[in-house]
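Inside the fold
The lines below spell out each chain.
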Amino acid sequence: MGLGVRWTLHGDGRTPAPGAVVRPDERLSWPRTAGLGAQHVVAMFGASFVAPVLMGLDPNLAIMMSGVATMLFLLATRGRVPSYLGCSLSFVGVAAVIRAQGGGSAAVTGAIFVVGAALLLAGLAVRKFGARIIHAAMPPVVTGAVVMLIGFNLAPVTAHTYWPTDQWTALLTMLFTGLAVVCLRGFWSRIAIFLGLVFGYALSWSLDRIFGKIHSVNGGGEAVDHWRLDLSAVGKADWFGFPTLHGPTFHWSAILVALPVVIALIAENAGHVKAVGEMIDDPLDDKLGTAISADGVATMLSTAVGGPANTTYSENIGVMAATRVYSTAAYWAAACFALLFGLCPKFGAVVAAIPGGVLGGITVILYGMIGLLGAQIWVHNKVDLRNPLNLVPVAAGVIIGVGGVGLKISDNFELSGIALGTIVVITGYHVLRALAPAHLKNQEPLLDSGTSSYDRSDRSED
């Protein structure tokens, strides 16, 4: 397939036959391919512009670099892995912690740059030794715990930063978004977060027209009278212009906060590649290391100029599952659209104007969903938390990560929150496993099962 930029026309180029799929090396007519690309942009749009806003980075640059990252990924995988690389939400909590420690945008992007380098090395290791090294170093009990503490560590950001700016808008936005996630079907359910943002945006504008200014804390934490939705910067912004770039800076304290996210990204990438392989009926195990490495390089490239991390997006995998069109040509079209959006400062100004109350309502659900993905990893892999070998390191690590427990090493160096929680989970699990008796390593529970046996079928005779 070469670089994966040559496609054969599928059928008549219009509509796939019933039950047929458009494979990665095929395409529909170019107008239809462009339309599919636009649909992929909409699917990734919600999370991809929420992420940089929550991290304090330029949304225009983030969208533009997501297009560049997608092109790089498609070339690296030779067009065999159809996927869009969007702005990763896994680093939102990391950015909040680094900024709370006094770091700026350069410190945030510097820390994420190092994570990208670690992801690149992990991908190269997988290419060399196979996927088994992932499972050996990071079994499901570990990856689930790390993902959980990354998500739940964000709770104070919502509670103390966004929600207080407009609690009623936050509440209504939360309710609308929850209904959209649960009640909508098909493609609309996949962009429920984006729809929640649109709803909150319109609600804030309406409340300003009806009730005038609100008296609440603003971005600086001071209670003042202010508009819920301030569009003054939108009118001043140009229609065309290049995003503002900046280089990264590197601080050990920030890097150690960010490094644990590598675990979540590897698990996420492995899951996405496996899912795509099953959908297109083409085992992609030989491309897993390449896909992880490509994500690492894309993240390094983006953060080197001031953008956020980029990773494969499940939203776009969902679009492929719904349309049964897996053509990488559609992703090239999506990447081109993203580049155009990134060169429109007026778009960035509209994104930057999202009210704090709206973000409060969205992040209540979004951050919780990120955290609960960790629990889903446990459920999917049948992790037995009755076994003390699993329970003890997870219990300690999650509480440390979520509660922000700190360990002061010196006057200028402290481990806390996500970093310390991850270290406790990983080292705790492997050390305890090395010392534990054989019956615990076989996953036989030592603790009383208690109510966990309530639903067993053998109780039907009661």
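Residues numbered from 1 in each chain as written. Predicted model: local features only at pLDDT ≥ 70, side-chain atom pairs only at ≥ 80, totals over all residues. Heavy atoms only, no water.

The next point concerns the overall build of the chain. The number of helices and strands found in the chain is 21 helices and eight strands. For the chain, with 462 residues in total, the buried portion stands at 50%. In the chain, the share of contacts with a sequence separation of at least 24, taken over all contacts with a separation of at least 6, comes to 78%. (Helix = DSSP H or I, 4+ residues; strand = E, 2+ residues; numbered from the N terminus. Buried < 20%, exposed > 50% of the residue type's maximum accessible area, 1.4 Å probe, protein only. Contact = heavy atoms within 4.5 Å.)

Next up on the list: the nonpolar core. Among the nonpolar cores identified, the biggest contains 99 residues, and Met55, Phe91, Val94, Ile98, Leu197, Ile266 and Tyr367 are the most heavily contacted of them. The element that contributes the greatest number of residues to this core is helix α13 (residues 261–280), accounting for nine residues. Mapping this core onto the domain boundaries places at least three of its residues in each of domain 1 (22–374) and domain 2 (384–437). When sequence neighbours within four positions are dropped, the list of residues in contact with Phe91 reads Met55, Ile112, Val115, Ala258, Val261, Leu265 and Ala309. If you look at the next biggest cluster of nonpolar residues, it comprises five residues, including Val22, Leu28, Leu36 and Ala330. (Core = buried A, V, L, I, M, F, W, Y, C linked by side-chain atoms within 4.5 Å. Domains from an automatic or database assignment.)

Attention now moves to the pattern of salt bridges. Evaluated as defined, the whole model comprises one salt bridge. We note a salt bridge from Asp384 to Arg386, for which the minimum N-O separation is 3.1 Å. With a relative accessible area of 25%, Arg386 lands in the partly exposed category. (Salt bridge = Lys/Arg side-chain N within 4 Å of Asp/Glu carboxyl O.)

Even without a glycine there, the phi angle at Arg78 is positive, about 55°. Take Arg78: it is sitting in the loop between α2 (59–76) and β3 (85–87). The partly exposed category is assigned to Arg78, whose relative accessible area is 39%. In this model, Lys382 sits at a positive phi of 55°, which is unusual for a non-glycine residue. Mapping Lys382 onto the fold places it in the loop between α18 (356–380) and α19 (388–403).

Another aspect to go through is the packing of helix α8 (residues 167–183) against α18. Where α8 contacts α18, the two axes come as close as 7 Å, and the packing angle between them is 45°. Taken together, the axis directions place α8 and α18 in an arrangement best described as oblique. Considering the relative orientation of α8 and α18, their crossing is right-handed. Where α8 approaches α18, its residues Thr169, Ala170, Thr173, Met174, Thr177 and Gly178 are matched on the opposing element by Gly357, Val358, Gly360, Gly361, Ile362, Val364 and Ile365. (Axes fitted to C-alpha atoms, helices over the stretch in contact; angles between N-to-C directions. Parallel < 35°, antiparallel > 145°, perpendicular 65-115°, else oblique. Left-handed = near helix turned anticlockwise from the far one by under 90°.)

Quick look at the side chain of Thr311 now. With respect to the element layout, Thr311 can be found in strand β6 (residues 310–312). A distance of 3.2 Å separates the side chain of Thr311 from the side chain of Asp295, its partner in a polar contact. Beyond its immediate sequence surroundings of up to four residues, Thr311 is in contact with Tyr84, Leu85, Gly86, Ser88, Leu265, Glu268, Asn269 and Asp295. (Polar contact = N/O pair within 3.5 Å; in protein donor to acceptor, adjacent residues only side chain to side chain.)

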